[in-house]
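Geometric and topological summary
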Amino acid sequence: MTGRAAPGLQAPWDRVYVVGAGPGAPDLITVRGLKVLEAADVVVYAGSLVSPDLLAHARPDAVLHDSAGMALPEIVATVVDAFRAGRRVVRLQTGDTALYSAQAEQLRALAEADVPVEIVPGVSSAMAAAAVLGCELTLPEVAQSVIFTRMAGRTPVPEGERLASLAAHGTTLVLFLSAQMIHKVVAELAGAYPPDTPVAVVYRASWPDQQVVRGDLTDIVDKVRAAGIKMTAIIVVGRVLDAMGIPEEAFRYSKLYDPGFSHGFRRAAPESAPPAV
Ligand SMILES: C[S@@+](CC[C@H](N)C(=O)[O-])C[C@H]1O[C@@H](n2cnc3c(N)ncnc32)[C@H](O)[C@@H]1O
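A separate point is unusual backbone geometry. A positive phi is found at Leu177, a non-glycine position, where the angle reads about 55 degrees. Here Leu177 shows up in the loop between β7 (172–176) and α7 (182–189). Positive phi values are uncommon outside glycine, yet Ser206 reaches one of about 80 degrees.

Time to look at the layout of surface pockets. Its boundaries defined by the atoms lining it, the largest pocket holds a volume of some 1,400 Å³. Around the largest pocket, the lining comprises 44 residues; the ones closest to its centre are Leu49, Thr94, Tyr100, Ser101 and Leu177. Mapped by element, the contributors of at least two residues to the lining of the largest pocket are α3 (72–84), β4 (89–93), α4 (103–112) and β10 (233–237). In terms of residue class, the lining of the largest pocket is made up of 21 nonpolar, 16 polar and seven charged. A domain-level breakdown of the lining of the largest pocket finds at least three residues from each of domain 1 (16–123) and domain 2 (126–245). The calculated volume of the second largest pocket comes to roughly 150 Å³.

Helix length check: α3 (13 residues) gives 18 Å between terminal C-alpha atoms against 18 Å at 1.5 Å per residue, within 8%. Residues Ile75, Val76, Thr78, Val79, Val80, Ala82 and Phe83 constitute the buried set of α3. Its buried side turned inward, α3 meets β1 (16–20), β2 (42–45), β3 (63–66), β4 and α4.

The rules we used
Residues numbered from 1 in each chain as written. Predicted model: local features only at pLDDT ≥ 70, side-chain atom pairs only at ≥ 80, totals over all residues. Heavy atoms only, no water. Helix = DSSP H or I, 4+ residues; strand = E, 2+ residues; numbered from the N terminus. 1 Å grid on protein atoms, 1.4 Å probe; cavity = no way out; pocket = protein on both sides within 12 Å on 5 of 7 lines; lining within 4 Å. Points joined across faces, edges and corners; volume = space filled by probe spheres on them. Nonpolar A, V, L, I, M, F, W, Y, C, P; charged D, E, K, R; others polar. Domains from an automatic or database assignment. Expected span 1.5 Å × (residues − 1). Buried < 20%, exposed > 50% of the residue type's maximum accessible area, 1.4 Å probe, protein only. Contact = heavy atoms within 4.5 Å.

Rendered as structure tokens:
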């Protein structure tokens with residue numbers, strides 16, 4: 001698994017490919033993901049968050065199953081039966097396969113059925129949202145950690161991960177599945193983050209109807225409601241959203257490209273090296 005090119009895609013496959021489709025735009029899938037999609041006989045895809053323009057890359061004779069209306073046993077049976085019948089099967093998930101994807105139970109069921117799997121990662125909507133916002137989620141001495149989380153909904157969040165306690169870290173937050181509860185997000189963050197902390201909401205990142213709403217903790221709820229955004233959105237919270245507005249003394253540039261910093265691949269420029277003592 002991983003680290004090597006996918007094997008001969010025209011021959012029968014010795015594994016099922018679980019592929020991250022990316023956030024929506026059909027050209028935001030990986031090259032490897034597209035190759036296996038184009039070669040597949042059977043594609044089980046995750047509903048409307050997978051673009052029809054991406055599915056159009058499947059062979060005309062490929063059988064496509066929309067898993068939106070299927071429960072886990074049906075999804076697994078569809079994949080396992082097709083694999084055992086010698087068909088080349090792709091399970092196409094949205095974004096990346098490792099975040100809020102219900103992947104674990106599918107992998108477990110496939111393992112129990114002795115079906116080998118290779119996972120092809122995808123561009124998460126979190127990363128697509130950061131790209132749309134034009135921001136680096138990690139700025140030296142501003143935020144060096146990113147917390148991916150969500151508000152509790154019908155899926156509970158473990159007690160130790162309540163947003164109010166995560167907020168104590170004061171770092172960059174990226175919330176999935178929470179736009180409809182933006183008022184609760186703001187309420188949980190109050191006190192830990194200053195009221196002028198920037199917040200951005202990206203709706204359907206990379207789709208033609210993508211929308212971006214920017215504000216701070218004082219006004220984002222009204223702005224998101226006014227925009228009518230309830231789902232399929234990523235919420236980003238943190239000072240990193242305002243890199244241009246952060247005073248130079250509070251935002252140290254990365255050492256990576258610092259002219260005065262040597263590392264394994266580059267010597268510091270002599271004129272910027274500290275004087276020998
Ligand atoms: C079931 S989760 C799947 C996440 C997916 N595995 C990923 O990595 O993006 C669905 C949630 O992901 C987010 N999402 C998915 N696609 C999105 C997009 N194109 N733009 C913004 N948010 C998106 C929303 O928060 C949505 O409620």
